[in-house]
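Spelled out from the first residue to the last, the chains are:
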Amino acid sequence: MLRVVIVLVLIALFASYPSAQNRPAPALSEVGVGQRAGANRVEGWLNPYRANAEKLIAAAQADHFAWDRLAELTDTFGQRLSGSDNLNRAIAWAVETMKKDGLENVHTERVMIPRWVRGVESLEIINPPHHNVPLLGLGGSVATPPAGIEAEVMVVASADDLNKRAAEAKGKIVLFNVPFTNYGETVQYRSGGASMAVRHGAVASLVRAVGPMGLRTPHTGGMNYANDVAKIPTAAIPAEDANRVQRLVNRGVKVRMRLKMEAKFDADVESFNVVGEIKGSEKPEEIVLVGGHFDSWDPGMGASDDAVGCVVTWEAARLMKKLNIRPKRTVRVVLFTNEENGTRGGNGYRDQHAQEAANHILSVESDSGVFAPARLGFSGSEAARKTMAESASPLAPLGMQEIAAGGGGADIGPISALGKVPMMAYSGDSTKYFTIHHTPADTVDRIDPQEVSKAAAALSAMIYVVADIPQALPK
């Protein structure tokens, strides 16, 4: 009987509850948090936003518009290495396209960025029988002498292995044959392997591709030299080739290789972040920042890393404009330049918007692909986490209503740290992502149109709700 009475009371309350168009939604503090925080609390404040969230989700999944835009970007402009003509032309296209979408305050913001030039490069086994090896010089590496570097290869399994056998490294090419575990652990050999090797007298270093085994694909990426050591050339080779050299060495064969690289840095050049907005209807000074990085490494098309992240976050604003949905706060889309080898775009945005850093109420980045199973992650206060968890209720049809820990990104990090801003990230399946990450295989063909639409749907709904709720997320 008590249950029936409660149901009747709830029906009466909802029947008398005005629509979101007729009155403002209740402040989160008015709703209360308690033992029944679940469905009752969510219905109490989220209900007015469900219709628009559902419209955005439906529009995002109604066609393959987002994938088609991704294909247009990557087909037309290809790789977008920082400082390249391809990136410059892509930036101009993005500005023009945002204006056609009807976004507001579309403009560029100038950033000076490094320009690393790969040049011609090659690697070959010269003993035992001659064999060419696919390679990709690591971004930031120095060149070899014009004739190249020819030396015996020393294979190591870790930094500890190298240190234990330090006396063997002098005059050798050190190959770090470290199987991929996860990006955070394994990438240290890409970023710092050259400095590890040169401390023991190595003349060059090679690293096994940082990712699961693909189809004999090397992975490029950024590297750095320690300040107190000499600079030696460094490159990545496929896992299959690293394993082959390992097997030869294990059999007692002395493997000799010749490495040639023309890599160099030119002077810093001008580049731009691209900005477009949906201006807030009531609190335009408060900002929900969304975006990804527009530059890419040069072997592939940079489709998954990170053209798709740019497209699916951009879609949030485009769909709001298309559906005539204008949230209370400003939704600002930023396509950041130079994430891959400098993060100058993210730092530049922070510096140019430092005075309004605290006005950012949420920063959202997509820079881990959209491969299923994907997830949304969040970093912020416990109070903000509760609001975000409840805001994800409309994502139930997508199977993404659970918000995991771990939101953030290299580009949104600087402004978020300055303004103490909560962060959210859309992340695809890491195994699929890192298999093609920074390789020639990073093309639009690897990405399912439905997964792009799903990412756009989830992000659009979440961004809309946070941009429109009465009170900003607690910091």
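Note that the structure is a prediction, hence the values are computed from the model and not measured.

Visitor: I would appreciate a short explanation of the pairing of strand E11 (residues 283-293) in the present structure.
Guide: Regular strands place side chains that alternate from one sheet face to the opposite one. For E11, the tally of buried residues reaches eight of 11 residues, placing the bulk of the element in the interior. The pairing of E11 with strand E12 (residues 329-336) spans eight bridges and is parallel. Across the sheet, Leu-289 pairs through a bridge with Arg-332, a residue of E12. Regarding topology, helix H9 (residues 303-322) serves as the crossover connection from E11 to the parallel E12, and that connection is right-handed.

Visitor: Got a minute to help me understand the sheet that holds strand E3 (residues 131-132) in this structure?
Guide: In a beta sheet, neighbouring strands are held together by backbone hydrogen bonds and run either parallel or antiparallel to one another. Here eight strands make up an open sheet; going across it, the order is E3-E2-E9-E5-E6-E7-E8-E4 and the pairing mixed. The open sheet has two free edges, formed respectively by E3 and strand E4 (136-137), since each of these has just one partner strand. Here strand E2 (residues 121-127) runs beside E3; their pairing, made up of two bridges, is antiparallel. Bridging across to E3, Ile-125 finds its partner in His-131. Sheet strands in contact with helix H8 (residues 239-250) are E2, E3, strand E5 (149-156), strand E6 (173-176), strand E7 (204-208) and strand E8 (234-237), and its direction is about 85° off that of E5.

Visitor: Can you help me understand the sheet that holds strand E14 (residues 375-379) in this one?
Guide: Within the open sheet, the eight strands sit side by side as E1-E10-E12-E11-E13-E16-E14-E15. Their pairing is mixed. Unpaired on one side and paired on the other, strand E1 (104-117) and strand E15 (403-405) mark the two borders of the sheet. Sheet twist, expressed as the mean angle between neighbouring strand axes with direction ignored, is 25°. Its contacts with the sheet place helix H5 (residues 85-101) against E1, strand E10 (264-278) and E12, and it is angled at close to 10° to E10. Along the sheet face, H9 touches E1, E10, E11, E12 and strand E13 (360-368) and points at about 150° away from the line of E11.

Visitor: Help me understand the pattern of salt bridges in this model?
Guide: It is possible for side chains bearing opposite charge to pair when their charged atoms get close. In this structure the tally under the stated criterion is 24 salt bridges. Across the pair Glu-124 and Arg-258 runs a salt bridge whose closest N-O atoms are separated by 2.7 Å. Separated by 134 residues along the polypeptide, Glu-124 in strand E2 and Arg-258 in strand E9 (residues 256-261) bring together distant segments of the chain. On the basis of relative accessible area, Arg-258 is assigned to the partly exposed category, the value being 23%. Here the salt bridges do not stand alone but share partners, grouping Glu-124, Glu-150, Arg-256 and Arg-258 into one network.

Visitor: Looking at this structure, how should I read the environment of Asp-241?
Guide: Residue position: Asp-241 is located in helix H8. In this structure the C-alpha to C-alpha distance between Asp-241 and Leu-259, which are 18 residues apart in sequence, comes to 14 Å. For Asp-241, the residues in contact, after removing those within four places along its chain, are Val-133, Pro-134 and Arg-216.

Visitor: Can you walk me through the packing of aromatic side chains in this structure?
Guide: The geometry of an aromatic ring pair is captured by the separation of the ring centres together with the interplanar angle, meaning the angle of the planes. Summed over all chains, the structure comprises 10 aromatic pairs. Between Trp-45 and Tyr-49, the aromatic rings sit 6.5 Å apart at their centres with planes inclined by 55°, giving tilted as the arrangement. Residue Trp-45 and its partner Tyr-49 are located together in helix H3 (residues 37-61), separated by four residues, close to a single helical turn. With respect to class, Trp-45 is no different from Tyr-49; both count as buried. Note on Tyr-49 and Tyr-464: the rings are 6.3 Å apart at their centroids and 65° apart in plane angle, and the pair reads as edge-to-face.

Visitor: Looking at this model, I keep getting lost on the pairing of E8. Mind explaining?
Guide: Every second residue of E8 is oriented toward a common face, with Thr-234 and Ala-236 on one face and Ala-235 and Ile-237 on the other, all of them buried. Relative to E8, E4 is paired through two bridges, and the arrangement is antiparallel. Within the sheet, the bridge partner assigned to Gly-137 lies in E8 and is Ala-235. The sheet contact formed by E7 and E8 spans four bridges and is parallel. If you follow Arg-208 over to E8, its bridge partner there is Ile-237.

So, how was this worked out
- Residues numbered from 1 in each chain as written.
- Predicted model: local features only at pLDDT ≥ 70, side-chain atom pairs only at ≥ 80, totals over all residues.
- Heavy atoms only, no water.
- Buried < 20%, exposed > 50% of the residue type's maximum accessible area, 1.4 Å probe, protein only.
- Helix = DSSP H or I, 4+ residues; strand = E, 2+ residues; numbered from the N terminus.
- Pairing = 2+ DSSP bridges.
- Right-handed = clockwise from strand over helix to strand, strands pointing away.
- Contact = heavy atoms within 4.5 Å.
- Axes fitted to C-alpha atoms, helices over the stretch in contact; angles between N-to-C directions.
- Salt bridge = Lys/Arg side-chain N within 4 Å of Asp/Glu carboxyl O.
- Phe/Tyr/Trp six-rings, centres within 6.5 Å; stacked < 30°, edge-to-face > 60°.

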